[in-house]
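Residues per chain are reported as follows:
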Amino acid sequence: MPNPYAEAGVDTAAGDLAVELMKSAVSATHNTSVLGGVGGFAGLYDVSFLKDFERPLLATSTDGVGTKVAIAQAIDKHDTIGQDLVGMVVDDIVVVGATPLFMTDYIACGRVVPGRIADIVAGIARGCAETGTALVGGETAEHPGLLGPDDYDVAGAAVGAVEAGSQLGAHLVQDGDVVLAIASSGLHSNGYSLVRHILSSRGVGYTDTLPELGGLVGEALLEPTRLYTAPLLSVIAAHPGAVHSLSHVTGGGIAANLARVLPVGSWVEVDRATWEPLPVFRVLADMAGTPIEDTEGTWNLGIGMFAVVSAAAASDVVASLGAAGLASWSVGTISTGARDLTGFEQGAKGVDGGAVRLVGSYAG
């Protein structure tokens, strides 16, 4: 019997196969709090443990990975983009000190290719497992005519919990606090429209080889986003009261993201000389013919997170981060003294925060 939906370009059988292929990866993220959904329409998560909180606060975040997916599609490599999605979503939750509970994902595509969808979801599941997040549901939608046959986009949302009074933020930051930078693994998932523009203008393809990038261009640019949640939660627990605020360096760049988690009236000068930007940033800036400083509002340049910590505990926090596999270093000290703030970035994305500017020259 003819299937009008299939004739319109939607393959429900392929969608069912994709679900079967991803089942084991998704199930591996489940703990005893995950219950079966109602016919798969909704994921269920037992939050009885929240009764032990005095005043539980739920934290939520949603995001995608932007045009990084275009590079994954160009070189037909789809097993890391899911980790990028987890990084963009779950690492926003830990910023307030919350422990992630569960996540859902959404994949829109022009055509369901079961193996490709399974690769994407397997990457999401690995990221969820690494961050202690249950992947409780998702949706794959086929949009023929709207997206090309090999085009797709991914998005996700996550929920976490934190005890009221234990959340991190600008309200805890004090004069004299130390700002620690925590190393990124590369571009993470921001600024890829600029990356793609630079490569296109120079005639460089994703399947080209550039020794200065360590090999295939596309693979270098798909370096997965570093996941910070589990190490940061362990450090917060190990040093009660030491970590005052965290900033996830994503869209908007270095200064703007740090300014968002500082109190109004505070300021800090971030010393560029304390780190050397990763090679990928140097290579791209050189290709563009622009000073690397001009990209500070777009790329993370080697800093994936900031932690604002008490001065007394700064060295201990650095040691604990290192033990957890995260390199970190001091880039500046918070001040609340009066000064001329001309040239400082002050707040961002609708948040009235502190003032930040980068000073000096990069190492290397």
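Draft legend 1. Structural detail: the overall build of the protein. From N to C terminus, the protein includes 11 helices and 15 strands. Against the compact-globule benchmark of 21 Å for 364 residues, the protein has a radius of gyration of 22 Å, which places it among compact chains. C-alpha extents for the protein along the principal axes are approximately 75 × 60 × 35 Å. Of all intrachain contacts in the protein linking residues separated by at least 6 positions in sequence, the fraction that spans at least 24 positions is 84%.

Draft legend 2. Just helix 6 (residues 192–201), in detail. Along helix 6, the residues that are buried comprise Tyr192, Val195, Ile198 and Leu199. Buried residues of helix 6, viewed axially, fall in a sector of 120°; they line one side. Set apart from the buried face of helix 6 by more than 90 degrees, the exposed residues are His197, Ser200 and Ser201. Of the surrounding secondary structure, the elements contacted by the buried residues of helix 6 are helix 3 (68–75), helix 7 (217–221) and helix 10 (279–288). Among the residues trailing helix 6, Gly203 stands out with phi positive, at a value near 70°.

Draft legend 3. Quick peek at the nonpolar core. Ranked by size, the top nonpolar core spans 75 residues in total, and within it Met103, Leu187, Leu199, Leu221, Leu258, Trp275 and Phe306 carry the most contacts. Take this core: its biggest share by element is seven residues, from helix 4 (residues 81–93). Apart from residues no more than four positions distant in its own chain, Leu221 is found in contact with Lys68, Ile71, Leu187, Tyr192, Val195, Leu199, Tyr206 and Val280. One finds Leu233, Val235, Ala242 and Ala314 within the second-largest nonpolar core, a separate group that totals 21 residues.

Draft legend 4. The arrangement of the sheet that holds strand 7 (residues 178–183) in detail. With respect to topology, four strands assemble into an open sheet ordered 10-12-7-13, the strand pairing being antiparallel. This sheet does not close on itself; its edge strands, each paired only once, are strand 10 (243–248) and strand 13 (328–333). For this sheet, the mean angle separating the axes of adjacent strands, direction not counted, is 25°. Summarising the sheet, strand 7 and strand 12 (residues 303–309) pair through six bridges and their orientation is antiparallel. Counted as the bridge partner of Val178 is Val309 from strand 12.

Draft legend 5. Main features of the pattern of salt bridges. Scanning the model with the defined rule gives seven salt bridges in all. Arg111 is the partner of Asp150 in a salt bridge, and the nearest nitrogen-oxygen pair spans 2.7 Å. One end of the pair, Asp150, is in the loop between strand 5 (134–142) and strand 6 (152–163); the other, Arg111, is in the loop between strand 4 (99–109) and helix 5 (114–131), with 39 residues separating them in the sequence. On the accessibility criterion, Arg111 (38% relative accessible area) is partly exposed.

Draft legend 6. View of the packing of helix 6 against helix 10. For the pair helix 6 and helix 10, the least separation of the axes is 9 Å and the interaxial angle reads 55°. In terms of axis orientation, helix 6 runs oblique to helix 10. Note that helix 6 runs across helix 10; the crossing there is left-handed. Of the residues in helix 10, those in contact with Val195, Ile198 and Leu199 of helix 6 are Leu284, Met287 and Ala288. When grouped by side-chain class, the residues that make up the contact of helix 6 with helix 10 number six nonpolar, no polar and no charged.

Draft legend 7. Spotlight on the packing of aromatic side chains. According to the stated counting rule, one finds six aromatic pairs in the structure shown. Consider the rings of Tyr45 and Phe102, whose centres lie 5.1 Å apart with planes at 45°: the pair is tilted. Residue Tyr45 is located in strand 2 (residues 44–45), and its partner Phe102 is located in strand 4; the two are separated by 57 residues in the primary sequence. Residue classification places Tyr45 among the buried residues on the basis of a relative accessible area of 16%. A ring pair is formed by Trp267 and Phe344, whose centres lie 6.2 Å apart and whose planes are at 80°; its orientation type is edge-to-face. Highlighted residues: Trp267 in strand 11 (residues 267–271) and Phe344 in the loop between strand 13 and strand 14 (345–348), separated in sequence by 77 residues.

Draft legend 8. Region of interest: the sheet that holds strand 14. With respect to topology, three strands assemble into an open sheet ordered 11-15-14, the strand pairing being mixed. Of all the strands in the sheet, just strand 11 and strand 14 have a single pairing partner and so form its edges. Averaged over all pairs of adjacent strands, the angle between their axes in this sheet comes to 35°, without regard to strand direction. Note that strand 14 and strand 15 (residues 351–359) share three bridges and pair antiparallel. Within strand 15, the position partnered with Ala348 by the bridge is Val351.

Draft legend 9. The packing of helix 4 against helix 5, seen in detail. Helix 5 packs onto helix 4 with a crossing angle of 45° between their chain directions and a minimal axis gap of 6 Å. In terms of their interaxial angle, helix 4 and helix 5 are classed as oblique. Note on packing geometry: the crossing formed by helix 4 with helix 5 is right-handed. Of helix 5, the residues touching helix 4 (which contributes Ile81, Gly82, Gln83, Leu85, Val86 and Val90) are Ile120, Gly123, Ile124, Gly127, Cys128 and Thr131. Looking at the contact of helix 4 with helix 5 residue by residue, the classes come out as seven nonpolar, five polar and no charged.

Conventions and cut-offs
Residues numbered from 1 in each chain as written. Predicted model: local features only at pLDDT ≥ 70, side-chain atom pairs only at ≥ 80, totals over all residues. Heavy atoms only, no water. Helix = DSSP H or I, 4+ residues; strand = E, 2+ residues; numbered from the N terminus. Rg over C-alpha atoms; globule rule 2.2 N^0.38 Å. Contact = heavy atoms within 4.5 Å. Buried < 20%, exposed > 50% of the residue type's maximum accessible area, 1.4 Å probe, protein only. Arc of directions from axis to C-beta. Core = buried A, V, L, I, M, F, W, Y, C linked by side-chain atoms within 4.5 Å. Pairing = 2+ DSSP bridges. Axes fitted to C-alpha atoms, helices over the stretch in contact; angles between N-to-C directions. Salt bridge = Lys/Arg side-chain N within 4 Å of Asp/Glu carboxyl O. Parallel < 35°, antiparallel > 145°, perpendicular 65-115°, else oblique. Left-handed = near helix turned anticlockwise from the far one by under 90°. Nonpolar A, V, L, I, M, F, W, Y, C, P; charged D, E, K, R; others polar. Phe/Tyr/Trp six-rings, centres within 6.5 Å; stacked < 30°, edge-to-face > 60°.

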